[in-house]
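What follows is the residue order along each chain.
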Amino acid sequence: MKVLLVEDEKRISDFVVKGLKEQGFAVDLANDGNDGYYLATTQSYDAIILDIMLPGRDGLSILKSLRAKGNNVPVIVTTARGELDERLEGLNLGADDYLTKPFFIDELVARLQALHRRSTGSQLSMRQVEDLVLNLSMHEVKRGDREIELTSREFNLLEYLMRSPGRVYTRTQILEHVWGYDFDPNTNIVDVCLQRLRKKVEEEGEGKLIETVRGVGYRIKKV
Ligand code: CA
């Protein structure tokens, strides 16, 4: 997927560009509204991630012009916390989705994939390891017939591990993918969340699926 990111805050754009590239996206970056509009109208993208408050030209005006020209590229509007009115205005102007900043890269990827599936009409996305099934589009996790209630953080963590069973993910990788740019790398938040996830995923009598690789990180058992 080729996406355009229109974002003026360097800290966020660095993080998003890096995160999306790591997950196989091709990303063009525009740092202001004029560049963003120029790229959006001269290049072809699978999706645009559009900030609202931008130097040059604001995101909503870009969106409005694109739609007025009949350009139906999927657009995810990003807003700062609390800008609810602008968010609603964005949807009225033809945004396909919105995300409140700060957001997690995995959340953005899930939204991009959902938009892509919608526009290409492809299959629902599932991940499975033994009897553990994670349904990305329904945001649902089951172990056999048992439904597992997860917080969105736990869901993203499990989804990340399940992408590649057998592969070891370091704490830093997990922190970066699931928590994002705002967290101290020395925190033990990954281990704490993993313990909670483990309790929910591995009830008594069920096989162990999440493995700790001492001194390195974690992985989902390869079947
Ligand atoms: Ca901004």
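Higher on the page you've got the structure.
These figures come from a predicted structure and were not determined experimentally.

Draft legend 1. Seen up close, the nonpolar core. Counting residues in hydrophobic clusters, the biggest one holds 27 residues, and the most contacted among them are Leu132, Val141, Leu157, Leu158 and Ile174. Of all the secondary structure elements, the ones that give two or more residues to this core are β7 (132–135), α6 (152–162), α7 (171–179), α8 (189–201) and β12 (217–220). Looking at this core, the element that brings in the most residues is α6, giving 6 residues. Setting aside chain neighbours within four positions, we find valine 141 in contact with Leu132, Val133, Leu134, Arg146, Glu147, Ile148, Leu150, Phe155 and Leu158.

Draft legend 2. Examining helix α1 (residues 10–22) more closely. In a regular helix each residue adds 1.5 Å, so 13 residues correspond to 18 Å; α1 covers 18 Å between its end C-alpha atoms and thus fits that length. If you check which residues of α1 are buried, you get Ile12, Ser13, Phe15, Val16, Val17, Gly19 and Leu20.

Draft legend 3. Examining the pattern of salt bridges more closely. Within this structure, the stated rule accounts for 19 salt bridges. A salt bridge links glutamate 206 to arginine 146, with the shortest nitrogen-to-oxygen separation between them at 2.8 Å. Here arginine 146 lies in strand β9 (residues 146–148) and glutamate 206 lies in the loop between α8 and β11 (210–213), a separation of 60 residues in the sequence. In this structure, a network of salt bridges that share partners links the residues Asp131, Arg143, Arg146, Glu203 and Glu206.

Draft legend 4. Structural view of the sheet that holds strand β3 (residues 47–51). In spatial order, the strands read β2-β1-β3-β4-β5; together these 5 strands make up an open sheet with parallel pairing. Edge positions in the open sheet fall to β2 (26–30) and β5 (97–101), since each of these has one partner strand only. For this sheet the average axis-to-axis angle between neighbouring strands, irrespective of direction, equals 20 degrees. Docked against the sheet, α1 engages β1 (2–6), β2, β3 and β5, running at close to 165 degrees with respect to β2.

Here is what the cut-offs are and how they apply
Residues numbered from 1 in each chain as written. Predicted model: local features only at pLDDT ≥ 70, side-chain atom pairs only at ≥ 80, totals over all residues. Heavy atoms only, no water. Core = buried A, V, L, I, M, F, W, Y, C linked by side-chain atoms within 4.5 Å. Buried < 20%, exposed > 50% of the residue type's maximum accessible area, 1.4 Å probe, protein only. Helix = DSSP H or I, 4+ residues; strand = E, 2+ residues; numbered from the N terminus. Contact = heavy atoms within 4.5 Å. Expected span 1.5 Å × (residues − 1). Salt bridge = Lys/Arg side-chain N within 4 Å of Asp/Glu carboxyl O. Pairing = 2+ DSSP bridges. Axes fitted to C-alpha atoms, helices over the stretch in contact; angles between N-to-C directions.

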